[in-house]
Amino acid sequence: MQIRTLITLHAAAATKTPERLPPDVRAREALKLVDSFGECDEKTRRQAAYYALHPEQFWGDAHCEQVLDVVAQHCVNGLGLDIGANVGATLDAVRRCAGGANCAGIIAFEPNPANLPLLRDAAEDDVIIVERAASDVADVTVAFNLPTGTDQAGQFFAAETPGNPFGGIASSDDENTFDVLTTTVDHEVKGRVAFAKIDVEGHESSVLRGMDATLRQTDCLLVECSDLATDSKEPVLKLAAFFDERGFDAYRVGAECLLPLWGRHYHPLYDEWRYWSNVIAVRRDCAGLAEALAGLADVVGRDAA
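Participant: Quick question: what am I supposed to make of the pattern of salt bridges here?
Facilitator: Between side chains of opposite charge, a pair can form when the charged atoms approach closely. Within this structure, the stated rule accounts for 15 salt bridges. When the shortest N-O distance is used, the salt bridge between Arg-120 and Glu-131 registers 2.9 Å. Residue Arg-120 is located in helix H6 (residues 116-122), and its partner Glu-131 is located in the loop between strand S3 (127-130) and strand S4 (133-134); the two are separated by eleven residues in the primary sequence. Residue classification places Arg-120 among the partly exposed positions, given a relative accessible area of 41%. Three or more residues joined by partner-sharing salt bridges are found here, namely Asp-212, Arg-216, Glu-245 and Arg-246.

Participant: Help me understand the confidence of the model for the protein, please; the structure alone is not making it clear to me.
Facilitator: Caution applies to low-pLDDT regions: their predicted coordinates should not be interpreted in detail. For the protein, per-residue confidence averages 83 on the pLDDT scale, and 83% of positions sit at 70 or higher. In the predicted structure, residues 228-232 sits below a pLDDT of 50 and forms six contacts with residues beyond four places in sequence or in another chain.

Participant: Looking at this model, I keep getting lost on the packing of aromatic side chains. Mind explaining?
Facilitator: Each aromatic ring pair is summarised here by two numbers: the centre-to-centre distance and the angle between the ring planes. Applying the stated rule across the entire model yields eight aromatic pairs. Measuring from ring centre to ring centre gives 5.1 Å for Tyr-51 and Tyr-270, while their planes differ by 85 degrees; the resulting arrangement is edge-to-face. Placement of the pair is Tyr-51 in helix H3 (residues 42-53) and Tyr-270 in helix H11 (residues 269-272), with a sequence separation of 219 residues. With centroids separated by 5.2 Å and ring planes inclined at 85 degrees, the aromatic side chains of Tyr-251 and Trp-262 adopt a geometry described as edge-to-face. Residue Tyr-251 is located in strand S12 (residues 248-253), and its partner Trp-262 is located in the loop between strand S13 (258-260) and H11; the two are separated by eleven residues in the primary sequence. Since its relative accessible area comes to 3%, Tyr-251 is described here as buried. Note that Arg-246 overlies the ring of Phe-242, its terminal NZ or CZ placed 3.7 Å from the centroid.

Calculation notes
- Residues numbered from 1 in each chain as written.
- Predicted model: local features only at pLDDT ≥ 70, side-chain atom pairs only at ≥ 80, totals over all residues.
- Heavy atoms only, no water.
- Salt bridge = Lys/Arg side-chain N within 4 Å of Asp/Glu carboxyl O.
- Helix = DSSP H or I, 4+ residues; strand = E, 2+ residues; numbered from the N terminus.
- Buried < 20%, exposed > 50% of the residue type's maximum accessible area, 1.4 Å probe, protein only.
- pLDDT = per-residue confidence, 0-100.
- Contact = heavy atoms within 4.5 Å.
- Phe/Tyr/Trp six-rings, centres within 6.5 Å; stacked < 30°, edge-to-face > 60°.
- Lys NZ or Arg CZ within 6 Å of the ring centre and 35° of its normal.

Quick look at the structure:
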């Protein structure tokens, strides 16, 4: 590894996230960093280069529609989980990916009291709302933080605004924290899960640890991977290994392709070039869905390098 390259990149990223770097600077630094890691095959290098050169393809949530369409077309009916349901905007997408009209029901996890009235209004009869924070341990009181901020659409949220998308379990108390109770997915869910969405602002790894039994009966998950905030996020390598050990293929979600992350497909760039994105994981024995998602993973012929 070329330490000087990493220092240069990190110095640039200290003030600008990769998707906001000027294209020429981004390309130069990205390709230098890709080449600084020597132990990978050509296909993996091309995929890492494509990721680095096209952050706009991977940053944010809007690009998830294509992959969710594929999941909806190939899913088998089962339960849907909306973990971090907020005000219910993603309930329909979760239902669609768990069988649509034949979905076995949705379990929505949301601990923020300000969101619950709107979530109840959005919920249809097939939705069960769990008014606790999903974590790796149940019945513990934890601090929940609601920072102010502006979302990707440019909407500003005060701490108390319903729909605030930045709320999550806090590492320490401050003026915008309050107490919530935890639960685990394993404690709340019984039955086969066709699709789960996890978006809990940096607490995703704890949620996954608390659903180990459920994962044995889960076909597919979409997990926010907010690795820009490096102090509270698991490395992509660790997340991919977690899924690999449990029989899942994990991909970073892009607007035009998926990037495989497990085993030999992993490139260290994915943990050095950081920004907010999503990972989808599919159980390998879900043949139709696994094959369909693998078909979105080929970046050969793209302008990767």
